[in-house]
Amino acid sequence: MSLRSQLLKGILDGCVLSVIKKEPAYGYELSKKLQEAGLQDVSEGTIYPVLLRLQKNGYIRGEMQPSASGPNRKYYYLTEAGNEALAEIAQEWEQIVIPASLLLKKGEWK
């Protein structure tokens, strides 16, 4: 597994929760939105195990809805627990990314 894949795996749950918080989405749509945000490595094959895990943990809920262009689609919605998890992930990420960026880019620390 590449370094990029390992780093992405660590933060992908938070990224998926963030996209769903903004607007409910189905799996393929989620992978496209993440790719548009610059996470090119996120494919449908990557996203579905994440969605299953998030749903199992109670962070999202799935709801089948009709589609104008084919079969029904399972849209995912953020739950209250998911909103709390997203807030915690964002807080933890801030505590890691800021000092790590200073160290890696500038070699600085307190």
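Residues numbered from 1 in each chain as written. Predicted model: local features only at pLDDT ≥ 70, side-chain atom pairs only at ≥ 80, totals over all residues. Heavy atoms only, no water.

**Description of the pattern of salt bridges**
Convention followed: Salt bridges, as used here, are contacts in which a Lys or Arg side-chain nitrogen is within 4 Å of a carboxyl oxygen on Asp or Glu. Each residue's exposure class comes from its accessible area (1.4 Å probe, protein chains only) as a fraction of the maximum for that residue type: buried when under 20%, exposed when over 50%, partly exposed otherwise.
On inspection of all chains with the given rule, the structure shows 4 salt bridges. Across the pair Glu63 and Arg61 runs a salt bridge, and its minimum N-O distance is 3.0 Å. Among the residues examined, Arg61 registers a relative accessible area of 39% and is labelled partly exposed. Connected through salt bridges with shared partners, the residues Glu23, Glu29 and Lys33 form a single ionic network.

**Thoughts on the layout of surface pockets**
Defined as follows: Here a cavity is any set of points on a 1 Å grid over the protein atoms alone where a 1.4 Å probe fits but cannot get out, and a pocket is any open set with protein on both sides within 12 Å along at least 5 of 7 lines; a residue lines the site when it has an atom within 4 Å of a point. Grid points are joined across faces, edges and corners, and a volume is the space filled by probe spheres set on the points. Numbering of helices and strands starts at the N terminus; helices are DSSP runs of H or I of at least 4 residues and strands are runs of E of at least 2. Under the scheme applied, nonpolar residues are Ala, Val, Leu, Ile, Met, Phe, Trp, Tyr, Cys and Pro; charged residues are Asp, Glu, Lys and Arg; polar residues are all the others, including Gly.
Within this model, the largest pocket holds a volume of roughly 400 Å³. Taken together, 14 residues make up the lining of the largest pocket; nearest its centre are Leu7, Leu8, Ile11, Trp93 and Val97. Looking at the lining of the largest pocket, the elements that each hand over two or more residues are helix H1 (3–22) and helix H4 (80–106). Tallying contributions element by element places H4 first for the lining of the largest pocket, with 8 residues. A class-by-class count of the residues in the lining of the largest pocket yields 10 nonpolar, 2 polar and 2 charged. Considered as a void within the structure, the second largest pocket measures approximately 210 Å³ in volume. For the lining of the second largest pocket, the secondary structure elements donating two or more residues are H1 and helix H3 (44–56). In terms of residue count, the dominant contributor to the lining of the second largest pocket is H1 (5 residues). Its residues assigned to classes, the lining of the second largest pocket comprises 5 nonpolar, 2 polar and 4 charged.

**What to know about the packing of helix H2 (residues 27–36) against H3**
Just so we agree on the cut-off: Only the stretch in contact is used when fitting a helix axis, every axis being a line fitted to C-alpha atoms; angles between N-to-C directions are given from 0 to 180 degrees. The hand of a helix crossing depends on one turn: near helix anticlockwise from the far one by less than a right angle means left-handed, and clockwise means right-handed. Whether two residues touch is decided by their heavy atoms; if any such pair falls within 4.5 Å, the residues are in contact.
Orientation of H2 relative to H3, taken along the N-to-C sense of each, is 115°, at an axis distance of 9 Å. Judged by the sense of rotation from one axis to the other, the crossing of H2 with H3 is right-handed. Within the contact between the two elements, H2 uses Gly27, Tyr28, Leu30, Ser31 and Leu34 and H3 uses Glu44, Ile47, Tyr48 and Leu51. A breakdown of the residues in the contact of H2 with H3 according to their chemical character gives 6 nonpolar, 2 polar and 1 charged.

**Some remarks on the packing of H1 against H3**
We count it as follows: These descriptions rest on fixed angle ranges, namely under 35 degrees for roughly parallel, over 145 for roughly antiparallel, 65 to 115 for roughly perpendicular, and the rest for oblique.
One way to put it is that H1 packs onto H3 with a least axis distance of 10 Å and a crossing angle of 80°. What the angle tells us is that H1 and H3 run roughly perpendicular. Of the residues in H3, those in contact with Leu12, Asp13, Val16, Leu17 and Ile20 of H1 are Thr46, Ile47, Val50, Leu51, Arg53 and Leu54. Here the contact of H1 with H3 is built from residues that sort into 8 nonpolar, 1 polar and 2 charged.

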